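# A look at the structure
So you can see what is in the structure, the chains are spelled out below.
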Amino acid sequence: GAAAGRVCTMYAPFGKISGNVCHSNERFGFYLDNNFPRKLRRSVQSNGLLDPADFHAHVDGNPRTFSSCDAFTEAGEDNGVSAIVEDQLEIGNSFSGQYALGDVQFLRWHAINNLHGIYWKETKAMASTGIVAHIKDSTFEWISSWDDSEIRGILGSPEVGVAGIAGPGGLGAFIIENTAFKGHLGDAIAANQHCGLTGTGGLCTPEYQLAQIDWSGVNPDTRRIRFGISNGNDVLPIFSTFDDSLGGYVSVASSRQDHLLGLPGCHSTGDRALDNGIGCDVPLRRLQVWSSHGNQGAVLVAPGGRRWAMEFIGPPTNNNRKQAFGAAVAVGESYVVELSHPDGITLEFSDVVYGTDFPGEDWIDLEIRFRDRPEANRACRISSGHSRAFISSDGPLFDDGSLGACTAATASSPLDEPPSSPSDEPPSSPPDEPPSLPSDEPSSSPPPQDDPSVPSTDAEMVCEGRTAEERALAASCDEMLFSNSPNPFTGEGYYTVDSRCLDTSIVGCVGDSGCRLCHTEPETWGGSSSFPKCPQCVCDKWGETFPGACLEQTAQAVEVLGCMDASAENFNEAATVDDGSCVHQAPSSFFDGFQWRTYVNRFAGDSVSGWQWRDWYGNWPASSDGPEMSRLVTRDSGSYLDFWSRYEDPEAWRMLIETSIYRPMAVGSDLITADQVGKYKFDFTAHELAEEEWRCGWTNPQNGAGGGKCEAFAKVVDSTTFELLLFERLETTGAAQSGTPFSLEFELQPAHVGHLIQIGFMNSQVGYAPTGMLYSAASLTRVANNEQPPVLGCTDAGAD
């Protein structure tokens, strides 16, 4: 009709919504669906219609033409306009709320016996000043038959609600203020509703800011916060507060962000009410790396050197801009992010509300390293006040690297002097103001000069390392720089280890990584280089044989035999040659703490033509009490892992279902480190089940399906491409009920450093074939190096 091409209803500003009641709906109560109110250019004179040219700019597919229906103005400013839904009463509905909603506050919202007190998948920061919180002065309560014997007959409610708030996956800060929770709720505040499954959420990195939360009326069994609900991402949400809303913690993050455990003031809470998260007495904020070119294996290097594969959230089918990596980082700390290349990268840190609506700007020091293009490396101090122009929950409008924080235009080279840390002297500004910090500005300090007192071409530059520390550095340098192959014709792009780079800025140092660039002088040499000349070991490593291309090797120190493994009990720091004497303490049981995960691979085909991999899903925290796939049981005073197939899969009747449960080598170590290179034994005992109908390899008495298979495995998975680099397996089908001991041996190579390690058990079946198996006494032991040390002496038989 006449309104065609003249209205954009999803973005229309709200009028007044006040004092409504929705009750006893089997499905939906008050439900707004998808709305982001904006400053539309319309009027009474235009009869509420847009100018056709304005609407055309909204639908023309050109991101550089702007409409009042768009998320941004031509200057990149937020085009939203905030509204309030006030005094809403919701009783006995399954769902109340919306899918995606921005710039709308719920004020004095009261939900009683709603399965989901409020349901919300995606949002944004408020555009209008004066309106900050998304939920304010509200109440979420559940009345069970323990409280009122007639309530179930009146409302038909179950005994426990699903969640008070099934909340959104961002983008940015989601603020809940002066809100109470009462009664029997499964979860009071659960983040990331469906986030990561269907493209919903702002990349699943929400910062839930809680203020004046009243838990006094909530049942003790209620989980107060939860990381991920309805299979939403359970890694990236952060909960923070400036008061006591989190039981004394400033921030709580998911237990899967174990890089935080290396920070002072952060530890595992072990508190189910806090979803067993990691509690910190320092603020945690989101670090988000938008990556329109897909998953390029981002790695976060945390203070203290812990490496963590950043969580990647893939895009919906129609928007490649909406994909990113995320991590929780501590305010005021220094971090490194490693990526393959800078193409399509946009960075965000924290949120502008920290420093505007809440006192004090947040900041971190960040160095970005690109494995394939190290010349693009850069470093910045980023504050929460950095520009968000043209960035929404759908991603950056432009992916040319010009948006967000720490762009190439605003960053300094990592070889430059980094910005200084805040002074320990009393600030000149009032205490409640943030310190005066540079924000995304290049360092004004000149590049450090080479220290003339430190020779740049001496034996400190080595290739393989003479100590355990240098050997670990060599492996990390190979991991970081190997893909940037040197140029044998110009002599550029070679590298060594120089441990002085860890704390001294000399020419060639790649940040503070301990890696140093050097140059060779090949036969084609005709130029000069600011980098030092490489030692002979570099020419040996790369096959450069032209005389004089590298420095002659400086005489090495006298060899000292001993154990060079820093993780061994008899580690000898002075040893230069490992003599195989290392003694390792066997780790505690693999079941301690139960930090396991499960996932499923599915294969299509049949036993005659073969099975072809179709897809996978999961990577969920494994359950220690069922009802699916795994549980811990105690028998004869021993702890056993009871593990079986995921029979709940809807395709289990016709597809081959391969179910795996695994954990890394050590809790908090998903990625292989240089000091973990070596040989290992995974020892365990497998026990056949007493119940015949569930025994692995037996026949299902109900349908005759059999052939189930059980195995143990050790895998190394490429952290970027996810291809298998190592896959050792050992079948356990047919183990005795009394227990059959097994030992699976595998070896981690230097090429595995920086990639994912999985150690655990798997089973496969078709048509509901039994796969049950009990496992006990699982442990991992490093195998001692039995190679004989070198014997020094003359080997020429003709010599005297």
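What comes next is a walk through the structure. (Residues numbered from 1 in each chain as written. Predicted model: local features only at pLDDT ≥ 70, side-chain atom pairs only at ≥ 80, totals over all residues. Heavy atoms only, no water.)

### Observations concerning unusual backbone geometry
- Cis geometry is found at the peptide bond from Gly170 to Leu171, where omega equals 25 degrees.
- With respect to the element layout, Leu171 can be found in the loop between β14 (161-166) and β15 (173-177).
- A positive phi is found at Phe390, a non-glycine position, where the angle reads about 65 degrees.
- Mapped onto the elements, Phe390 comes out in the loop between β33 (378-383) and β34 (391-392).
- Look at Cys406: it is not a glycine, yet its phi comes out positive at around 50 degrees.
- Assessed through its relative accessible area of 1%, Cys406 is described here as buried. (Helix = DSSP H or I, 4+ residues; strand = E, 2+ residues; numbered from the N terminus. Buried < 20%, exposed > 50% of the residue type's maximum accessible area, 1.4 Å probe, protein only.)

### Side note on the packing of aromatic side chains
- In total, this model carries 34 aromatic pairs according to the counting rule given.
- Ring geometry for Tyr617 and Trp620: centres 5.8 Å apart, planes at 45 degrees, overall tilted.
- Grouped by ring-pair contacts, the aromatic residues Phe30, Phe106, Trp109, Trp120, Phe174, Tyr208, Phe227 and Phe239 constitute a single cluster.
- Taking the ring centre of Tyr11 as reference, the NZ or CZ of Arg38 above it sits at 4.0 Å. (Phe/Tyr/Trp six-rings, centres within 6.5 Å; stacked < 30°, edge-to-face > 60°. Lys NZ or Arg CZ within 6 Å of the ring centre and 35° of its normal.)

### Concerning the pairing of β14
- Of all 6 residues in β14, 5 are buried; the element is thus mostly enclosed.
- Two elements, strand β11 (residues 116-119) and β14, share 3 bridges in a ladder whose sense is parallel. Looking at β14, one finds that Ile118 is bridged to Ile165.
- Examined bridge by bridge, β14 and strand β17 (residues 185-193) share 4 bridges and lie parallel to one another. Each bridged residue has a counterpart across the sheet, and for Ile165 the counterpart in β17 is Ile189. (Pairing = 2+ DSSP bridges.)

### Structural notes on the nonpolar core
- Ranked by internal contacts, the top residues of the largest apolar core, which has 52 residues, are Met310, Leu339 and Leu366.
- Sorting the residues of this core by element identifies β24 (278-280), β25 (284-291), β29 (324-330), β30 (334-339), β31 (345-349), β32 (363-370) and β33 as the ones contributing at least two each.
- Tallying contributions element by element places β29 first for this core, with 6 residues.
- Leaving out residues up to four positions away in the same chain, Leu339 has contacts with Val289, Gln296, Ala298, Phe325, Ile345, Ile368, Arg369, Phe370 and Arg371.
- Phe30, Phe140, Ile165 and Val218 belong to the second largest nonpolar core, which has 34 residues in total. (Core = buried A, V, L, I, M, F, W, Y, C linked by side-chain atoms within 4.5 Å. Contact = heavy atoms within 4.5 Å.)

### A look at the sheet that holds strand β46 (residues 709-717)
- With antiparallel pairing, the 6 strands of this open sheet are ordered in space as β41-β40-β44-β49-β46-β47. Each of the sheet's edge strands pairs with one partner strand only, and the pair in question is β41 (610-621) and β47 (724-731). For this sheet, the mean angle separating the axes of adjacent strands, direction not counted, is 25 degrees. (Axes fitted to C-alpha atoms, helices over the stretch in contact; angles between N-to-C directions.)

### Looking at the pattern of salt bridges
- On inspection of all chains with the given rule, the structure shows 29 salt bridges.
- In this structure, Glu207 and Arg286 form a salt bridge, with 3.8 Å as the shortest nitrogen-oxygen distance. In this pair, Glu207 is assigned in strand β18 (residues 207-211) and Arg286 in strand β25, connecting sequence segments 79 residues apart.
- Ionic pairing is found between Lys322 and Asp394, a salt bridge with its closest N-O pair at 3.8 Å. Pair noted here: Lys322 is in the loop between β28 (311-313) and β29 and Asp394 is in the loop between β34 and β35 (395-396), with a separation of 72 residues, a long-range link.
- The exposure class of Lys322 is buried, given its relative accessible area of 5%. (Salt bridge = Lys/Arg side-chain N within 4 Å of Asp/Glu carboxyl O.)

### What to know about the state of the cysteines
- Using the criterion set out here, one finds 9 disulfides in the structure.
- Across the disulfide, Cys266 is cross-linked to Cys280 (sulfur-sulfur distance 2.1 Å). For the disulfide bridge between Cys266 and Cys280, the dihedral angle about the S-S bond is near 120 degrees, and by the sign convention the bridge is right-handed. On the criterion of sequence distance, the pair formed by Cys266 in strand β23 (residues 266-268) and Cys280 in strand β24 is long-range, its members being 14 residues apart. Like Cys266, the residue Cys280 is buried in the burial classification. (Disulfide = S-S within 2.5 Å.)

### Examining the pairing of β29
- Among the 7 residues in β29, 7 count as buried, and that is most of the element.
- Of the two faces of β29, the one holding Ala324, Gly326, Ala328 and Ala330 and the one holding Phe325, Ala327 and Val329 are both buried throughout.
- Relative to β29, β25 is paired through 7 bridges, and the arrangement is antiparallel. Of the residues in β29, the one forming a bridge with Leu287 is Ala327.
- Sheet analysis places β28 next to β29, joined by 3 bridges and oriented antiparallel. When the bridges of β29 are listed, Phe312 appears paired with Phe325.

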